[in-house]
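Each chain is listed here by its residues.
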Amino acid sequence: TACPGDFVIERFDELLSPVPPFYGQVSAVSHEGSIDLALGEEVEVWVDILNTGQRAWSSTTNIAPTPRDVYSPLAHSSWASTVRVEGVSGSVSSNNTYRFSFTLKASEVGIFTQTFGLVEEGFTWFADTPYAGSPGDSEISFTVNVSEGEEGGEPSDEGVNLPPVANAGEDQ
């Protein structure tokens, strides 16, 4: 059998480092302040995060709405699920920035401040120590004011699959 010390010795530098394996710093966001949408409208948002941890990010590094594993009222059909937005495409090594770009959809009327966190699937949330620590679960946020739309406005057929309509006077 292998000596447990062999495993520790291989990871000695990592274990003694003050920098956690998974750590990130928000460097820019697409929207500050509130976003006004009518019910059913969508908006593209993004957040740039600098990898300041020891390990590279990969497809298992995801941005997710918080509170953790709770349905988001702003979830969009392009998201991986209602509790995960998207994973990193490719690999992001330490000291490199990744842009998470995604869509928010106004599916309920109200004011929503949706926060987001990073998660290394199967390992840790970036807000948790000792393997991570930043960004925190509420450090990334977008506030969306969803209204019913302008009074007297025409309803939208966007996103609705309707059967074809025959033109007047056509034989069917």
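Values in this document were obtained by computation on a predicted structure and should not be read as measured data.

## Notes on the sheet that holds strand 3 (residues 42-51)
Point 1. An order of 1-3-6 is seen for the three strands of this open sheet, with the pairing classed as antiparallel. Either end of the sheet is taken by a strand with one partner, and the two such strands are strand 1 (24-29) and strand 6 (97-105). Each strand of the sheet is rotated relative to its neighbour by a mean of 30 degrees, with strand direction disregarded.
Point 2. The pairing of strand 3 with strand 6 spans nine bridges and is antiparallel. Bridge assignment links D48 to a residue of strand 6, and that residue is R99.

## Quick word on the confidence of the model for the protein
Detailed reading of the predicted coordinates is not advisable wherever pLDDT is low.
Point 1. For the protein, per-residue confidence averages 84 on the pLDDT scale, and residues scoring 70 or more make up 76% of the total.
Point 2. Per-residue pLDDT stays below 50 along residues 151-172; that stretch engages in two contacts with residues further than four places along the chain or on separate chains.

## A word on the nonpolar core
Point 1. W57, I63, F100, F102, L104, F116 and F142 are the most contacted members of the largest nonpolar core, which totals 29 residues.
Point 2. Contributing elements (two or more residues each) for this core: strand 2 (34-38), strand 3, strand 6, strand 7 (110-120) and strand 9 (140-147).

## Here's the deal with the environment of V19
Point 1. Residue position: V19 is located in the loop between helix 2 (12-16) and strand 1.
Point 2. For V19, a relative accessible area of 32% translates into the label partly exposed.
Point 3. Not counting chain neighbours up to four residues away, the residues in contact with V19 comprise T52, G53 and Q54.

## Structural notes on the packing of aromatic side chains
Point 1. Within the structure shown, the criterion is met by 10 aromatic pairs.
Point 2. Here the aromatic rings of W57 and F126 are separated by 5.7 Å at their centres, their planes lie at 70 degrees, and the arrangement is edge-to-face. Highlighted residues: W57 in the loop between strand 3 and strand 4 (61-66) and F126 in the loop between strand 8 (124-125) and strand 9, separated in sequence by 69 residues. Taken individually, W57 and F126 each receive the classification buried, so the pair is uniform in this respect.
Point 3. Taken together, the aromatic side chains of F22, W57, F123, F126 and Y131 make up a single cluster linked through ring pairs.
Point 4. The ring centre of W46 lies 3.5 Å from the NZ or CZ of R99, which sits over that ring.

Rules behind the numbers
- Residues numbered from 1 in each chain as written.
- Predicted model: local features only at pLDDT ≥ 70, side-chain atom pairs only at ≥ 80, totals over all residues.
- Heavy atoms only, no water.
- Pairing = 2+ DSSP bridges.
- Helix = DSSP H or I, 4+ residues; strand = E, 2+ residues; numbered from the N terminus.
- Axes fitted to C-alpha atoms, helices over the stretch in contact; angles between N-to-C directions.
- pLDDT = per-residue confidence, 0-100.
- Contact = heavy atoms within 4.5 Å.
- Core = buried A, V, L, I, M, F, W, Y, C linked by side-chain atoms within 4.5 Å.
- Buried < 20%, exposed > 50% of the residue type's maximum accessible area, 1.4 Å probe, protein only.
- Phe/Tyr/Trp six-rings, centres within 6.5 Å; stacked < 30°, edge-to-face > 60°.
- Lys NZ or Arg CZ within 6 Å of the ring centre and 35° of its normal.

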